[in-house]
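# A structural walkthrough
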Amino acid sequence: MGVVNILRKIFVPETKKAQDGRDQWPSRLSFILAAMGGCVGLGNILRYPSQVYNNFGLQGGMEWFIPYFIALLFLGIPALILEITIGQAYRGGPTLAYDHMHKRLKGVGFSLVYNGHMIVLYYVAILAWVMTYFRHSFKSPLPWKGSNDEFYMGSVIRNQDPIPGEIVDGSVVSYTSYPGSGLIGETTGWCAFTWFLVWLCIWKGVGLTGRVVYFTMGLPILTIIILMGRGVSLPNATRGIRYAWATWRGDTLANGQIWQDACGQIFFSIGLGMGYFTSYASYNNQYQNGVQDALIIVCSNSIIEITCGIAVFGVIGFLGMDPAEGDALGSFDVAFLTLPEATAQMPGAQFWSFLFFTTLMLLGFSSAFALTDTTITMICDSEFGKNWKRPFVSTSVIIASFLVSMVFCTEFGYYMLDAADRWLNNFALVWTVLCECLGATVMYRHKDVVGLLGWVSYLTYTAAYLLALILGVAVGHAVHPGAGAGVGFGIFFIGLAVALALAKTPESGPPQFWKKNVWLEKIYYLMFYQGYQLSLDLNLVIATGKNWSIPFFWGPLLRYVSAPILAIILGFAYPSFHAVRNDPLQILGFTVANFTMAFVAIGLVFPRYFIPFVPKEKRGMGHIPFKPDVSVAVVDVSMGRVIEEGGQRSNSFDAPVAAKNDGHGAKIGGSDSDEGLAEKRAAAERGNEVY
């Protein structure tokens, strides 16, 4: 029995509990590795090299890193800080966390979970292909040597060629048809095996997952270093590496394509909009250094994908692949054509093939269980699932997911996967993160702005801001980017001027800089208050002790930089559908991706429809009364106390702890009984809605 107990503690450890009773990671490193496992996946080792190949070869070299790092600073880091800190502070997965931010944002949180689960359904099919190559890596010679394309499409994918549809003079004459419909045995078997491994890693909770990630993330880091060393040591490897590191053509920075590709790479490789950062962060110690964690994760992600890029470019030089106009390299090309071909030509081909596909398998596997865990967290957090045992929820989700994912194991599964991947990545993820940014900076604590300036002013400015995003992007695509920028900025500044003219004189205390005159005060409350106030409110929990705080400029970055970038990227999605509107699978993928728009709209208009995902004892925690310039901490109803500045706790949970903002931070002791605000407060409270 003693040996059995020891083995049980090693392989089925008990999950640590936080003070509020929520499951907690065994250590901070466990969370960081798990989060890195989610974002460091096939996008790093496959998509990044394809992007650098397409841009370096055709447009130059090192100038790629200018838009890449700008996108990292102004898009990746701000959005990642948002997803991690709200999960940690609000102690719940995406649906619960966004409900606590504002009750009408539950649809945004649900969309995050939806995105992640839709992606993992086809992600396991890609891993099944990887496992097929892995199995063949033990054969000598490697079966794809000299016939790479035939092996990939004939022995791994095994899909029957579709019969193309036809579009004539802008009208659909016939639709694409897919003659194959049967299941592919080996792909289905490996898919089932992958789901089983996912279940083994998450069925018990983060206590078990926190140990697994040391292997699923630690070993790939080691193998990536080995592969990079081998890649750069190949004959003629320097020829490929020079594409990236030994050329400079500054004129290519005027080309919009390189900026679009860099923004897209940062967005997709980090893994924003899939929900697992928020879910994983909800199992952190509530007072953990969340901002520092976000920076560690995002920087590690970039270092790893740049390392992978070096390795692949060494292989490209070895194979003599000279980029040429129209010769684009896709992610699947890197995984199943370019690198396998290189391994087949190396001495010790079986070993390098084994190492490469093991790395792909582990990286993809860690992403798969991160995405699946997000759905399980949402169910366990919900009212209907809070009393269900996690093993039951995990098993049910895995079985249902496997049954649905079998569609990608069919003789048309490759084309179904391509359609789902295209639209979930190009539309659903971008749309959802855009809504995250807008929800955090447009809807959060809007009653303060309304109470101080009036509904007319708030709605005028908000409408002008949103209309500027929509019409600016639309005109930019339809006419010219310059025209779009002119329309967008024109609408925005006209709307701002009108909103300022209609705004009432605020009777509160903004930070010192904005007190110089009444117009600056109005500008502060209209343009910057909500994002700034969110950072102060989160900092009451996130920035305790010596933890890093969310900086004051974080809110404006989300609203005026990240959101417009996402709107521009999103603008490329709908026009591209026009060319594939005669393909039923593309239509299906497009429809599935657009469900996220419906979820956001339903949550905005009918928030009660998502109430089952919020337990009764936590409903209303997003209801923050009219308290301008007062930082409000997180209410922990389950423990009957609230979180104050510096981690101090009170025994009362009747109302949120308030902290008066003096422009430099939050101080305990703010009051909402100031004379002159009573009438505005009463009006705002009358407008408060309940579930």
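Residues numbered from 1 in each chain as written. Predicted model: local features only at pLDDT ≥ 70, side-chain atom pairs only at ≥ 80, totals over all residues. Heavy atoms only, no water.

## Thoughts on the overall build of the protein
- When helices and strands are tallied, the protein shows 25 helices and 10 strands.
- Considering the protein as a whole, with its 691 residues, one finds that 60% of them fall into the buried category.
- A sequence separation of at least 24 residues applies to 80% of the contacts in the protein between residues at least 6 apart.
- Carbon and sulfur atoms form 65% of the exposed surface of the protein, whose accessible area is close to 26,500 Å². (Helix = DSSP H or I, 4+ residues; strand = E, 2+ residues; numbered from the N terminus. Buried < 20%, exposed > 50% of the residue type's maximum accessible area, 1.4 Å probe, protein only. Contact = heavy atoms within 4.5 Å. Areas by Shrake-Rupley, 256 points an atom, 1.4 Å probe, with all protein chains shown as cover.)

## Here's the deal with the nonpolar core
- If you look at the biggest cluster of nonpolar residues, it comprises 202 residues, and the most contacted ones within it are Met101 and Ile297.
- It is helix H17 (residues 413–443) that provides the largest number of residues to this core, a total of 21 residues.
- Excluding residues within four positions of it along the chain, methionine 101 makes contact with Leu82, Ile86, Tyr90, Gly439, Ala440, Tyr444, Leu534 and Gly622.
- Of all hydrophobic cores here, the second largest spans 7 residues; its members include Tyr114, Phe599, Phe610 and Phe613. (Core = buried A, V, L, I, M, F, W, Y, C linked by side-chain atoms within 4.5 Å.)

## Side note on the pairing of strand S4 (residues 171–174)
- Here 3 bridges tie strand S3 (residues 166–168) to S4, and the two strands are oriented antiparallel to one another. Counterpart to isoleucine 167 in the pairing with S4 is valine 172.
- Where S3 folds back on S4, the antiparallel hairpin that results is connected by 2 residues, among which aspartate 169 adopts a positive phi of roughly 55°. (Pairing = 2+ DSSP bridges.)

## Overview of helix H24 (residues 584–605)
- With 22 residues, H24 ought to run about 32 Å at 1.5 Å a step, and its terminal C-alpha atoms sit 31 Å apart, in line with that.
- Within H24, burial applies to Leu585, Gln586, Gly589, Phe590, Ala593, Asn594, Thr596, Phe599, Val600 and Gly603.
- Buried-residue contacts for H24 involve helix H6 (106–136), H17 and helix H23 (573–577).
- Of the residues that open H24, the one with a side-chain oxygen 3.0 Å from the backbone nitrogen of leucine 585 is aspartate 583. (Expected span 1.5 Å × (residues − 1). Polar contact = N/O pair within 3.5 Å; in protein donor to acceptor, adjacent residues only side chain to side chain.)

## Examining empty space enclosed by the protein
- Counted by the stated rule, this structure contains 6 cavities of 30 Å³ or more.
- Roughly 190 Å³ of volume is contained in the largest cavity.
- In this structure, the largest cavity is lined by 17 residues; those nearest its centre are Leu227, Ala311, Val315, Leu339 and Phe356.
- Elements with a contribution of two residues or more to the lining of the largest cavity: helix H9 (206–233), helix H13 (290–319), helix H14 (331–345) and helix H15 (349–381).
- In terms of residue class, the lining of the largest cavity is made up of 13 nonpolar, 3 polar and 1 charged. (1 Å grid on protein atoms, 1.4 Å probe; cavity = no way out; pocket = protein on both sides within 12 Å on 5 of 7 lines; lining within 4 Å. Points joined across faces, edges and corners; volume = space filled by probe spheres on them. Nonpolar A, V, L, I, M, F, W, Y, C, P; charged D, E, K, R; others polar.)

## Topic: the packing of aromatic side chains
- Following the criterion strictly, the structure yields 61 aromatic pairs and no others.
- A ring pair is formed by phenylalanine 110 and phenylalanine 613, whose centres lie 5.3 Å apart and whose planes are at 55°; its orientation type is tilted. Residue phenylalanine 110 is found in helix H6, and its partner phenylalanine 613 is found in the loop between H24 and strand S5 (630–632); the two are separated by 503 residues along the sequence.
- The buried category is assigned to phenylalanine 110, whose relative accessible area is 16%.
- Exposure remark for phenylalanine 613: the relative accessible area of 15% places this residue in the buried category.
- With 5.8 Å between their ring centres and 90° between their planes, tryptophan 388 and phenylalanine 392 make a pair best called edge-to-face.
- You can call tryptophan 388 partly exposed: its relative accessible area is 41%. (Phe/Tyr/Trp six-rings, centres within 6.5 Å; stacked < 30°, edge-to-face > 60°.)

## Details of the pattern of salt bridges
- One pass over the structure, following the stated rule, counts 10 salt bridges.
- Two residues, arginine 22 and aspartate 381, come together in a salt bridge whose shortest N-O distance is 2.9 Å. With arginine 22 in the loop between strand S1 (16–17) and strand S2 (23–24) and aspartate 381 in helix H15, the pair connects residues that are 359 residues apart, well separated along the chain.
- Residue classification places aspartate 381 among the buried residues on the basis of a relative accessible area of 10%.
- Across the pair arginine 445 and aspartate 448 runs a salt bridge whose closest N-O atoms are separated by 3.0 Å. As far as burial versus exposure is concerned, arginine 445 and aspartate 448 are alike and both buried.
- Because the salt bridges share partners, they merge into one network encompassing Arg135, Arg158 and Glu186. (Salt bridge = Lys/Arg side-chain N within 4 Å of Asp/Glu carboxyl O.)

## What about the packing of H6 against helix H16 (residues 390–405)?
- Look at H6 against H16: their axes get within 9 Å of each other, and the N-to-C directions meet at 65°. The crossing of H6 and H16 is right-handed. Residues His117, Leu121 and Val124 of H6 form the contact with H16, whose own contacting residues are Val397, Ser401, Val404 and Ser405.
- In terms of residue class, the contact of H6 with H16 is made up of 4 nonpolar, 3 polar and no charged. (Axes fitted to C-alpha atoms, helices over the stretch in contact; angles between N-to-C directions. Left-handed = near helix turned anticlockwise from the far one by under 90°.)

## Considering unusual backbone geometry
- The omega torsion of the bond from serine 140 to proline 141 falls at -5°, within 30 degrees of zero and hence cis.
- By the element assignment, proline 141 lies in the loop between H6 and helix H7 (148–157).
- Despite not being glycine, arginine 91 has its phi angle at roughly 60°, a positive value.
- We classify arginine 91 as buried; its relative accessible area is 5%.
- One non-glycine residue with positive phi stands out, namely arginine 445, at about 50°.

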